[in-house]
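Geometric and topological summary
If you want the building blocks of each chain, they are given just below.
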Amino acid sequence: MPDFSIGVDLGGTNLRIAAISTEGQLLEKITLGVKVALGRDHVIGEMCDAIKRLSDQYRGSGRFVGAGIGVPGIIDMETGMMMKSANLPGWSEYPVRDEIERRLGARVFLENDANVAALGEKWLGAARDVDNMAMVTLGTGIGGAIILNGKIFYGMNGMAGEFGHVTVEPNGVPCGCGNHGCAERYASATAVVRMAREAIESGQAPELARAASSDAEFSARSIYNLALQGNEDARQIFRRFGVALGILLADLVNVLNLDMFVIGGGVVSAWDAFAPPMFAELRERSLVYAATAPDDHLETDHFEKTHFEKKEGASAQIAAYTRKKTIITRALLGSDAGLYGAARIPAS
Ligand SMILES: [Zn+2]
């Protein structure tokens, strides 16, 4: 049996822990409901118990090389403390990493949740074969991560990759960050519900209003289901979503010129509804993308594809010089990306 590490994904509702071999094979995965309200010490206690249980179980067959923990927050990589976390009040200014290391007697690495998802996709998912990639995670908000030469790019103090707060609408809706028109106010699960509620309040979307009144949860998924059934108001919301995401991607492609941009997170399941306008916007706005988009594109819309193949001007000149393509694609590992990525850190 091979050596193994433990990957932990500490989310807002679940704490998931997996033993994964250093070759990338999932040995065992456990999911615990996490009661964040019971406080930091309770959550850390549950996490350490589960890590111990798994590591003891597999230690007989291989060496335990350490644990990686993906957390929703910005981490000071030197001190192993959380600088900021909206979902985990009371965790900042506390030596999270050192405390867990002390309890486990093993090497422990803390990493931002968007970064571990990117590391997972880089190791075993969509970005296996590329060294330069970015990941955009569409969930409650938008998470972002940049991998350059196979390694996370942190920026000066770990705050690089805040894609969710890139402006896509100068006079757009206010965001909790203090800005207006941030990408995550238009292209996230929260944004889908907000846009649906606004359409309902305008009185122009009777079918959405009916659906909302009969569905207690009325989530992004319910609105996507309506779009699938052909509801025009719901489809319009995902078009708006796709345009915003396309603007964000155009900026990222122009600035970074990476091999691959992986789109993940729960809302990526609505790909069919938002991807065609996303690609259209991307082509319109990014010279670099227009010059490097693959011919056998993942797009399904025939009109857009033929439109796109007519390269003109500067992008046509660049296209003549490069055979490398910018790949924009869906994540492959789903919600397990973070577990694999977290486990990869002590193993690499
Ligand atoms: Zn913002």
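A brief look at the structure comes next. Computed from a predicted structure; not experimentally measured.

1. Focus on the packing of helix α1 (residues 40–59) against helix α2 (residues 96–104)
How two helices pack is summed up by the angle between their axes together with the distance between the axes. Running from N to C, α1 and α2 point in directions that differ by 40 degrees, and their axes come no closer than 10 Å. Classed by the angle they form, the pair α1 and α2 counts as oblique. Read as a crossing pair, α1 and α2 show a hand that is right-handed. Where α1 approaches α2, its residues Asp41, Ile44, Gly45, Met47, Cys48, Ile51 and Lys52 are matched on the opposing element by Ile100, Arg103 and Leu104. Here the contact of α1 with α2 is composed, by residue class, of 6 nonpolar, 1 polar and 3 charged.

2. Observations regarding the pattern of salt bridges
Summed over the entire model, instances satisfying the criterion amount to 14 salt bridges. Two residues, Arg59 and Asp56, come together in a salt bridge whose shortest N-O distance is 3.8 Å. Placement of both Arg59 and Asp56 in helix α1 is noted, with a separation of 3 residues, approximately one turn of the helix. Classification of Arg59 as partly exposed rests on a relative accessible area of 43%. By relative accessible area, Asp56 is classed as exposed at 51%.

3. As for the coordination of the zinc ion
Ligation of the zinc ion by protein atoms is provided by His165 (ND1), Cys175 (SG), Cys177 (SG) and Cys182 (SG), these donors lying 2.0 to 2.3 Å from the ion. Of note is the zinc ion, whose 4 donor atoms meet at the metal with angles of 105 to 120 degrees in an arrangement that counts as tetrahedral. Each donor residue of the zinc ion lies on the same chain, and together they follow the pattern H-x9-C-x1-C-x4-C. Taken together, the residues span a long stretch of sequence, with His165 in the loop between β10 (151–152) and α4 (189–201) and Cys182 in the loop between β10 and α4 at a distance of 17 residues.

Procedures and definitions
Throughout this description, residue numbers start from 1 for each chain and increase along the sequence as written. A pLDDT threshold of at least 70 governs which residues receive local features in this predicted model, and a stricter bar of 80 or more applies before side-chain atom pairs are shown or counted, although totals over entire chains, interfaces and linings include all residues. Processing note: side-chain calculations cover all non-hydrogen atoms of the structure and skip hydrogens and water entirely. The axes used here are C-alpha line fits, helices contributing only the stretch in contact, and every angle between their N-to-C directions lies in the interval 0 to 180 degrees. Where helices and strands are cited, they refer to DSSP runs of H or I of at least four residues and of E of at least two residues respectively, numbered from the N terminus. These descriptions rest on fixed angle ranges, namely under 35 degrees for roughly parallel, over 145 for roughly antiparallel, 65 to 115 for roughly perpendicular, and the rest for oblique. Definitions for this section: a left-handed crossing has its near helix turned counterclockwise from the far helix by less than a right angle. A right-handed crossing has that turn clockwise. It only takes one pair of heavy atoms within 4.5 Å for two residues to be counted as in contact. Three residue categories are used. Nonpolar comprises Ala, Val, Leu, Ile, Met, Phe, Trp, Tyr, Cys and Pro, charged comprises Asp, Glu, Lys and Arg, and polar comprises the others, including Gly. A pair is scored as a salt bridge if a Lys or Arg side-chain nitrogen falls within 4 Å of a carboxyl oxygen belonging to Asp or Glu. A simple rule labels every residue: compare its accessible area, found with a 1.4 Å probe on the protein chains alone, to the largest value its type can have, and call it buried under 20%, exposed over 50%, or partly exposed in between. Metal-coordinating donors are taken as N, O and S atoms lying within 2.8 Å of the metal, or within 3.2 Å when the metal is Na, K or Ca; because water is left out, some sites can appear incomplete. Geometry assignment treats four donors as tetrahedral when all angles are between 85 and 135 degrees, treats four as square planar and six as octahedral when opposite donors are over 155 degrees apart and all others between 65 and 115, and treats everything else as irregular.

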